[in-house]
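# Structural overview
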Amino acid sequence: YLAPLLQGDRKACRTVVEETLQSGIPANSVYIHLIWPVMAEIERLSRADKITPIQEHLATRINRTIVDQLQNKLPRRPAKNKSVAVCCAQDELQELGAQMITDLFESDGWEVRFLGGGLTNDDIFAYINDYAPDVLVVYGTAPKQAPDVRRLIDRIRGVNAWPDLRIIVSGGLFNRAEGLWEEIGADGFAPTAAEILHIAADESQVAQPNPRTVNRRRRRRSAHPEFEHADA
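How each quantity is defined
- Every chain's residues receive numbers from 1 upward, in the order its sequence appears when written.
- Per-residue local features are limited, in this predicted model, to residues with pLDDT of at least 70; the limit for side-chain atom pairs, both in listing and counting, is 80 or more; totals at the level of whole chains, interfaces and linings are taken over all residues.
- For side-chain calculations, the full set of non-hydrogen atoms in the structure is used, while hydrogens and water are omitted.
- Think of it this way: any DSSP run of H or I at least four residues long counts as a helix, any run of E at least two long counts as a strand, and we number them from the N terminus.
- Burial classification: accessible surface area is computed with a 1.4 Å probe over protein chains only, and a residue below 20% of its type maximum counts as buried, one above 50% as exposed, and the rest as partly exposed.
- Contacts are assigned to residue pairs with any non-hydrogen atoms lying within 4.5 Å of each other.
- Definitions used throughout: a 1 Å grid over protein atoms alone; a cavity as a set of points that fits a 1.4 Å probe which cannot get out; a pocket as an open set with protein on both sides within 12 Å along at least five of seven lines; a lining residue as one with an atom within 4 Å of a point.
- Grid points are joined across faces, edges and corners, and a volume is the space filled by probe spheres set on the points.
- Residues are grouped as follows: nonpolar covers Ala, Val, Leu, Ile, Met, Phe, Trp, Tyr, Cys and Pro; charged covers Asp, Glu, Lys and Arg; every other residue, Gly included, is treated as polar.
- Axis lines are fitted through C-alpha atoms, for helices just across the contact stretch, and the angle between N-to-C directions can take any value from 0 to 180 degrees.
- The labels follow the angle: roughly parallel below 35 degrees, roughly antiparallel above 145, roughly perpendicular from 65 to 115, and oblique for the rest.
- Left-handed is the label given to a crossing in which the near helix is rotated counterclockwise from the far helix by less than a right angle, and right-handed is the label when the rotation is clockwise.
- On a range of 0 to 100, pLDDT expresses the predictor's confidence in each residue.
- By definition, the arc is the one covered by directions from the helix axis to the C-beta atoms.

### A closer look at the overall build of the protein
The helix and strand inventory of the protein stands at twelve helices and five strands. Within the protein, the fraction of its 232 residues that count as buried is 47%. Expressed as a percentage of contacts within the protein between residues at least 6 apart in sequence, the contacts between residues at least 24 apart total 75%.

Structure below.
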């Protein structure tokens, strides 16, 4: 699948997916075990300058087309009476990952709202205030965006209007900077879509009990200089 994907060969990629589905593998497994790891590999190759921007764009567009086609083939589990909002970085690759997470939550019986990328903290905060989800997923953060994610979490915790809201982060910088999710006050971290669903469904995990502030975070030296520099 990866080779034709990097060549922009839509027909060959569709053939791989169609043959996979015909073999009896369900659509959610195609999401988790084919599209997601290939997407992660595309991101890794792009960061390492081992593929061109054109290849990255071709691959991401094809993956998104296939995900759109697979969405209606996902299984539909009974409603869980749980809600989740998903937001992400504006980058196209990150929006694809967030879209896949959203689709899998919906398949799993959650009530889902996909906010996408490009929103301000004020926008997200206002939506949280209106929708009051059980879980907020923040996906695909770049180093320069990490301080904004921390400020959003601090603001949500500071208001304390949603004491049971759990915030899970994934993708982008969080996948590369060990422990950063704890530094910014998130409730959980998962590198893959399957693990995000597992953490979200674990009702034994509770939201961070103590509100944090940006100033409190600055009193100790960050374990991630790249993040600290971005906050300067």
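### Details of the layout of surface pockets
Space inside the largest pocket adds up to approximately 300 Å³. As for the largest pocket, its lining consists of 18 residues, and the residues nearest its centre are Cys-88, Leu-119, Asn-121, Ile-124 and Gln-145. Top element by residues in the lining of the largest pocket is strand E3 (residues 135-141). It accounts for four residues. Grouping the amino acids of the lining of the largest pocket by side-chain chemistry returns nine nonpolar, eight polar and one charged.

### Remarks on the packing of helix H3 (residues 27-47) against helix H5 (residues 92-107)
Look at H3 against H5: their axes get within 11 Å of each other, and the N-to-C directions meet at 165 degrees. Considering the angle they form, H3 stands roughly antiparallel to H5. Note on packing geometry: the crossing formed by H3 with H5 is left-handed. Residue-level contacts link Asn-28, Tyr-31, Ile-32, Ile-35, Trp-36, Met-39, Ile-42 and Glu-43 of H3 to Leu-93, Gln-94, Leu-96, Gly-97, Met-100, Ile-101, Asp-103 and Leu-104 of H5. Among the residues forming the contact of H3 with H5, the class breakdown is eleven nonpolar, three polar and two charged.

### Overview of the confidence of the model for the protein
Taken over all residues, the pLDDT of the protein has a mean of 88, while the share at 70 or more is 88%. No element of the protein has a lower mean pLDDT than helix H11 (residues 214-218), which averages 35, and none a higher one than helix H2 (residues 10-22), which averages 97. Counting contacts from residues 211-222, a segment whose pLDDT is below 50, to residues more than four positions away or on other chains yields 26 contacts. Under a pLDDT of 50 for its full length, residues 228-232 has, in the predicted model, ten contacts with residues more than four places off or in other chains.

### Thoughts on the packing of H2 against helix H4 (residues 53-70)
Running from N to C, H2 and H4 cross one another at 35 degrees; their axes reach a closest spacing of 10 Å. Of the two elements, H2 crosses H4, and the hand of that crossing is right-handed. Contacts between H2 and H4 pair Arg-10, Cys-13, Arg-14, Val-17 and Leu-21 from the former with Ile-62, Thr-65, Ile-66, Gln-69 and Leu-70 from the latter. Grouping the amino acids of the contact of H2 with H4 by side-chain chemistry returns six nonpolar, two polar and two charged.

### Notes on helix H10 (residues 193-201)
Three or more residues of H10 are buried, namely Ala-193, Ile-196, Leu-197, Ile-199 and Ala-200. In an axial view of H10, the angular spread of the buried residues amounts to 165 degrees, which keeps them on one side of the axis. Close packing links the buried residues of H10 with H3, H5, E3, strand E4 (166-172) and strand E5 (188-189).

### Describing the environment of Lys-11
Relative to the assigned elements, Lys-11 resides in helix H2. Its relative accessible area of 62% is what places Lys-11 among the exposed residues. Sequence separation of Lys-11 and Ile-62 is 51 residues, and the distance between their C-alpha atoms is 9.7 Å.

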